[in-house]
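# Report on the structure
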Amino acid sequence: MAADLERNAKDQERIGAEVSVLQEQLLALQRDHALLVNLQQALSGESPADAGAGSGEAVTAAPSVPRQASAGPAPVRQKKAAAPKAGKTPAKSAGAKASATGVKQPTLGELIRTHLGRQSEPRSSAEISTGLAQAHPDRDIKPKVVRTTVEGLVAKGHVHRTKQGSSVYYTASETAPADTSPEQKDLVTA
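Residues numbered from 1 in each chain as written. Predicted model: local features only at pLDDT ≥ 70, side-chain atom pairs only at ≥ 80, totals over all residues. Heavy atoms only, no water.

### A few points about helix α8 (residues 125-135)
Each full turn of the α-helix corresponds to 3.6 residues, which orients residues three or four apart in the same direction. For α8, every residue scored as buried is listed here: Ser125, Ile128, Ser129, Gly131 and Leu132. Considered in projection along α8, the buried side chains sweep an arc of 165 degrees and stay on one side of the axis. Taken together, the buried residues of α8 touch α7 (108-118), α9 (143-156) and β2 (167-172). (Buried < 20%, exposed > 50% of the residue type's maximum accessible area, 1.4 Å probe, protein only. Helix = DSSP H or I, 4+ residues; strand = E, 2+ residues; numbered from the N terminus. Arc of directions from axis to C-beta. Contact = heavy atoms within 4.5 Å.)

Next comes the structure, spelled out in C-alpha cells:
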C-alpha cells in the first residue's frame, strides 16, 4: 500500500507538471494568435474595431483554435490594462501596466532558468522560490507554482533534477534543448 501511495503521489506530481507546461504552451499560442490577428488586420488596413464590427471573418478565420480560447484573452487583457479592478495587489496591477506599455516581463520559467544558471550548487524548489521572491519583490511568486514550473522545465530538459535522500534539488541544464532556438523565441516575442 505504501508503494501505491508513493507511486500515486509521483504520478500526481508528474501530471501536474505536464498540465503546467501545457497551460504555458496554450497561453503562448493564444498570445501568438492575437498578435497574428492584429498583424493581419494592420496589413489589410482594418482597425481592430472594424474587424470586430463589420467582418466576422477575421475572427473565425483561425481553423484550429476554439473561438472561446482565441477571442477571450485579448479583450480581457485590454480591459485589465485600462482599468484594474479594486482589490488587486500592486504586483498584479504593475504587471497589467507593463503589458499595456508593451514591456515584456520574463516568464516564471525564464526567471527560474536564469536564477539556476547563476547558482554554483543545486537548489531545492523552496530555495529557488525564496531567491526569486527576493530578487523580484514586485512579482507574487508562490512556492507551489515554482515547484510545478521547475518540474515542467525538467520535462523540457531545461533543468536537471537530482535526489538526495528524500530531498529534490535542481540545476540549470548545460545545453539548451532544440525547442528553444533563437528563431522560435523571436517568433513568440514578435
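### A few points about α7
Among all positions of α7, only Leu108, Gly109, Leu111, Ile112, His115 and Leu116 are buried. Projected down its long axis, α7 shows its buried positions confined to an angular sector of 160 degrees, all on one face. In α7, the exposed residues that point more than 90 degrees away from the buried face are Gly117 and Arg118. In this fold, the buried residues of α7 make contact with α8, α9, β1 (159-164) and β2.

### Some thoughts on the pairing of β1
With six bridges connecting them, β1 and β2 associate as antiparallel partners. When the bridges of β2 are listed, His160 appears paired with Thr171. Turn length for the β1-β2 hairpin, with the two strands adjacent in sequence and antiparallel, is two residues, and the turn residue Gly165 shows positive phi of about 70 degrees. (Pairing = 2+ DSSP bridges.)

### Describing the pattern of salt bridges
In this structure the tally under the stated criterion is seven salt bridges. The partner of Arg7 in a salt bridge is Asp4, and the shortest N-O contact between them spans 2.3 Å. Taken together, the residues Arg7 and Asp4, both in helix α1 (residues 2-44) and three residues apart, mark about one turn of the helix. By relative accessible area, which is 48% here, Arg7 ends up partly exposed. With a closest N to O distance of 3.2 Å, Lys10 and Glu6 form a salt bridge. Of this pair, Lys10 and Glu6 are both found in helix α1, four residues apart, which corresponds to roughly one turn of the helix. With a relative accessible area of 45%, Glu6 lands in the partly exposed category. Through salt bridges with shared partners, a single network forms among Asp11, Arg14 and Glu18. (Salt bridge = Lys/Arg side-chain N within 4 Å of Asp/Glu carboxyl O.)

### Looking at the environment of Leu111
Relative to the assigned elements, Leu111 resides in helix α7. Sequence separation between Leu111 and Ala135 is 24 residues; the distance between their C-alpha atoms is 9.7 Å. Apart from the residues within four sequence positions on either side, Leu111 is in contact with Pro106, Leu132, His136 and Arg139.

### Considering the side chain of His115
You can see His115 is positioned in helix α7. Using a relative accessible area of 15% as the deciding quantity, one classes His115 as buried. Apart from the residues within four sequence positions on either side, His115 is in contact with Glu127, Ile128, Gly131 and Leu132.

### Some words on the environment of Thr130
Here Thr130 lies in helix α8. Of the polar contacts made by the side chain of Thr130, one reaches the backbone oxygen of Ala126; its length is 2.9 Å. (Polar contact = N/O pair within 3.5 Å; in protein donor to acceptor, adjacent residues only side chain to side chain.)

### Topic: the nonpolar core
In terms of nonpolar packing, the biggest core is built from 14 residues, with Ile112 and Ile128 touching the most fellow members. Elements that contribute at least two residues to this core include exactly α7, α8, α9 and β2. In this structure Ile112 touches Ile128, Leu132, Val146, Thr149, Val150 and Leu153, once residues within four positions along its chain are discounted. (Core = buried A, V, L, I, M, F, W, Y, C linked by side-chain atoms within 4.5 Å.)

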